[in-house]
Amino acid sequence: MSEVVSVRVKREILKEIDELVASGTFSSRNEALNFIISEGLKEVNEWRSILNKSKEIGTQLINKRLEDFLQERERY
């Protein structure tokens, strides 16, 4: 089942999405965004798993919230 969701997307991101559609990588914005969101969630869950494991064994990898860490990572 799917649901309609309204979101604001930066113009630069939408331009990249449109380029992916124009190149034939995806058949529509919907298909592209579903794939990208799905892959992004997989990555977030991977990081969450790594952070949880580090807590279990008592090794602190980072002392920030996951969201803050991922935003900081974007700079590099």
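This one's a predicted model, so the numbers in the text were calculated from it and none came from an experiment. (Residues numbered from 1 in each chain as written. Predicted model: local features only at pLDDT ≥ 70, side-chain atom pairs only at ≥ 80, totals over all residues. Heavy atoms only, no water.)

Peer 1: Even after reading the chapter, I still don't get the packing of aromatic side chains, so can you show me in this structure?
Peer 2: To describe a pair of aromatic rings, one takes the distance between the centres and the angle between the planes. If you walk through the whole model with that rule in mind, you get one aromatic pair. Seen from their ring centres, Phe 26 and Phe 35 are 5.5 Å apart, and the 45° between their planes marks the pair as tilted. For Phe 26, a relative accessible area of 12% translates into the label buried. With a relative accessible area of 44%, Phe 35 lands in the partly exposed category. (Phe/Tyr/Trp six-rings, centres within 6.5 Å; stacked < 30°, edge-to-face > 60°. Buried < 20%, exposed > 50% of the residue type's maximum accessible area, 1.4 Å probe, protein only.)

Peer 1: Would you take a moment to explain the layout of surface pockets for this structure?
Peer 2: Where empty space is left can be seen by rolling a probe of water-molecule size over the atoms. The volume enclosed by the second largest pocket comes to roughly 330 Å³. Lining the second largest pocket, in full, are Ser 2, Glu 3, Val 4, Val 5, Val 7, Val 9, Arg 29, Asn 30, Leu 33, Asn 34 and Ile 37. Its residues placed into classes, the lining of the second largest pocket shows six nonpolar, three polar and two charged. (1 Å grid on protein atoms, 1.4 Å probe; cavity = no way out; pocket = protein on both sides within 12 Å on 5 of 7 lines; lining within 4 Å. Points joined across faces, edges and corners; volume = space filled by probe spheres on them. Nonpolar A, V, L, I, M, F, W, Y, C, P; charged D, E, K, R; others polar.)

Peer 1: Any chance you could explain the packing of helix H1 (residues 11-22) against helix H2 (residues 29-56) here in plain terms?
Peer 2: The description of two packed helices rests on the angle between their axes and on the distance between the axes. As a packed pair, H1 and H2 sit with axes 9 Å apart at the nearest point and diverge in direction by 115°. Considering the angle they form, H1 stands roughly perpendicular to H2. Note that H1 runs across H2; the crossing there is right-handed. Contacts between H1 and H2 involve Leu 14, Ile 17, Asp 18, Leu 20 and Val 21 from the former and Arg 29, Ala 32, Leu 33 and Ile 36 from the latter. Among the residues making up the contact of H1 with H2, the classes are represented as seven nonpolar, no polar and two charged. (Axes fitted to C-alpha atoms, helices over the stretch in contact; angles between N-to-C directions. Helix = DSSP H or I, 4+ residues; strand = E, 2+ residues; numbered from the N terminus. Parallel < 35°, antiparallel > 145°, perpendicular 65-115°, else oblique. Left-handed = near helix turned anticlockwise from the far one by under 90°. Contact = heavy atoms within 4.5 Å.)

Peer 1: Would you explain the pattern of salt bridges in this entry?
Peer 2: Oppositely charged side chains can pair when the atoms bearing their charge come close. Enumeration according to the criterion identifies two salt bridges in this entry. Across the pair Asp 18 and Arg 29 runs a salt bridge whose closest N-O atoms are separated by 2.7 Å. Here Asp 18 is found in helix H1, whereas its partner Arg 29 is found in helix H2, with 11 residues between them in sequence. For Arg 29, a relative accessible area of 42% corresponds to the partly exposed category. Notably, a salt bridge pairs Glu 39 with Lys 42, separated by 3.0 Å at the nearest N-O pair. With Glu 39 and Lys 42 both in helix H2 and three residues apart, this pair spans about one turn of that helix. Residue Glu 39 is classed as partly exposed on the basis of its relative accessible area of 33%. Here Lys 42 falls in the partly exposed class, since its relative accessible area comes to 48%. (Salt bridge = Lys/Arg side-chain N within 4 Å of Asp/Glu carboxyl O.)

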